[in-house]
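Reading the structure
One-letter residues, chain by chain:
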Amino acid sequence: MNTNLDMNKKVKVSEIAAVAGVSPATVSRVINQREIVKGETYEKVIQAMKQLGCSINESPIPQPASTGLILINIPSLNNPFYGAIIKGARASISRHGYSMLINEGHINPGTIDLLVKTLKQNKVIGLITMNCIETSLIKKLSDTTCVVQCCEYNEDTDLPYVSINDVASAKMAVEHLLAQGKKRIAFINGPFRYKYAKHRLQGYMQALEEAGVPVDQEYIVQLPEIDSDLATSAALQLLNLSEPPDAFFTVSDVYGAAVLRACYLSKRRVPEQVAVVGFDNLEISKSLVPALSTVNQPKSQLGFMAAETLFEKIANPAIPNKKILLDTELIVRESSSL
């Protein structure tokens with residue numbers, strides 16, 4: 001420890017934070033991990049400590065240690081979408097000389113205490129999370145360590161995030177299907193607790209409404225998880241309606257692949273009878289027959305930018321929280337090109 005606080009003064013970290021105009025977590029980082037806090041923020045905390053009569057022992061700032069740990073929290077290892085994001089984050093983390101730890105699981109009232117304990121025991125200096133997290137819980141995490149949200153983000157907090165515009169991306173995909181002459185467009189959506197599921201539903205509905213196509217709730221399916229078997233069953237049920245869909249938009253390429261299988265099983269020609277557009281541009285989308293049209297997310301860039309944003313915030317907690325939305329691209333392949 002390079003900045004020591006004389007605890008005989010009985011000054012609380014919260015008091016120092018109030019005088020310095022920073023968070024208690026920032027004060028803790030100045031006291032315990034001085035090397036990761038720079039410039040004006042560091043000086044504010046030191047001056048506040050002096051003002052409150054704390055005894056400070058300052059030694060030269062060491063270089064960042066390669067043993068510093070960044071934790072990446074993802075909802076599930078089963079979803080291939082997260083792999084490329086982690087790869088991008090790892091490139092940034094390695095460049096800064098730190099190590100990475102993967103944590104799998106949802107963050108809820110039943111899991112939050114264990115996660116906070118993990119952060120503290122491992123002296124994690126920063127957290128990148130891809131989970132949807134309620135406001136009170138993400139506040140608890142940000143009080144423990146520096147937090148950046150990736151892909152998913154809580155719209156009720158001011159924490160930094162790196163994501164995409166899901167509304168505009170979904171609208172772009174549905175407009176493509178409408179341009180192919182499709183009118184009965186089904187939508188297979190993921191768990192509604194996620195921001196992406198809510199926003200992509202908005203984009204789907206906006207595209208239909210602006211085209212003057214009535215939104216048919218019978219064509220909208222909400223699935224509880226990203227699961228190929230569930231999506232195949234849902235698609236088969238829709239294809240067996242008296243007026244079946246002539247197109248599908250899905251929130252995941254996993255779902256898109258399942259729709260293609262359902263079309264094969266029900267002997268529907270793709271894209272002549274049924275056009276299909278997925279989301280994410282996973283590697284599998286190019287290998288399917290027919291190849292799956294999809295919305296490309298810049299997955300590696302999402303991870304890299306999230307980590308870079310985290311390191312900027314760790315170094316200078318006083319900077320404004322960045323809210324970054326990266327561009328997406330519609331990739332048209334055989335499954336929707338007539």
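Values in this document were obtained by computation on a predicted structure and should not be read as measured data.

The next point concerns the overall build of the chain. Summing up its helical and strand segments, the chain has twelve helices and 14 strands in all. By the burial criterion, 54% of the 338 residues in the chain qualify as buried. A fraction of 73% describes how many contacts in the chain between residues 6 or more apart in sequence connect residues 24 or more apart. As displayed, the chain has an accessible area near 15,300 Å², and 50% of this comes from carbon and sulfur atoms.

To continue, consider the sheet that holds strand 7 (residues 161-164). Taken together, the six strands give an open sheet; going across it, the order is 4-3-5-6-7-13, and neighbouring strands pair in parallel fashion. Of all strands in the sheet, those bounded by a partner on one side alone are strand 4 (99-104) and strand 13 (323-326). Within this sheet the neighbouring strands show an average axis-to-axis angle of 20°, counted without direction. Pairing of strand 6 (residues 146-150) with strand 7, which is carried by two bridges, proceeds in the parallel orientation. By the bridge assignment for strand 7, Cys150 is matched with Val162.

With that out of the way, let us pick up the packing of helix 4 (residues 81-95) against helix 12 (residues 299-315). Where helix 4 meets helix 12, the axes come as close as 6 Å, and the angle between the chain directions of the two elements is 40°. In terms of axis orientation, helix 4 runs oblique to helix 12. The hand of the helix 4/helix 12 crossing is right-handed. Facing Phe81, Ala84, Ile85, Gly88, Ala89, Ala91, Ser92, Ile93 and Arg95 of helix 4, the residues of helix 12 in contact are Lys299, Ser300, Gly303, Phe304, Ala307, Glu308 and Phe311. Class assignment of the residues belonging to the contact of helix 4 with helix 12 gives a composition of nine nonpolar, four polar and three charged.

Cut-offs applied
Residues numbered from 1 in each chain as written. Predicted model: local features only at pLDDT ≥ 70, side-chain atom pairs only at ≥ 80, totals over all residues. Heavy atoms only, no water. Helix = DSSP H or I, 4+ residues; strand = E, 2+ residues; numbered from the N terminus. Buried < 20%, exposed > 50% of the residue type's maximum accessible area, 1.4 Å probe, protein only. Contact = heavy atoms within 4.5 Å. Areas by Shrake-Rupley, 256 points an atom, 1.4 Å probe, with all protein chains shown as cover. Pairing = 2+ DSSP bridges. Axes fitted to C-alpha atoms, helices over the stretch in contact; angles between N-to-C directions. Parallel < 35°, antiparallel > 145°, perpendicular 65-115°, else oblique. Left-handed = near helix turned anticlockwise from the far one by under 90°. Nonpolar A, V, L, I, M, F, W, Y, C, P; charged D, E, K, R; others polar.

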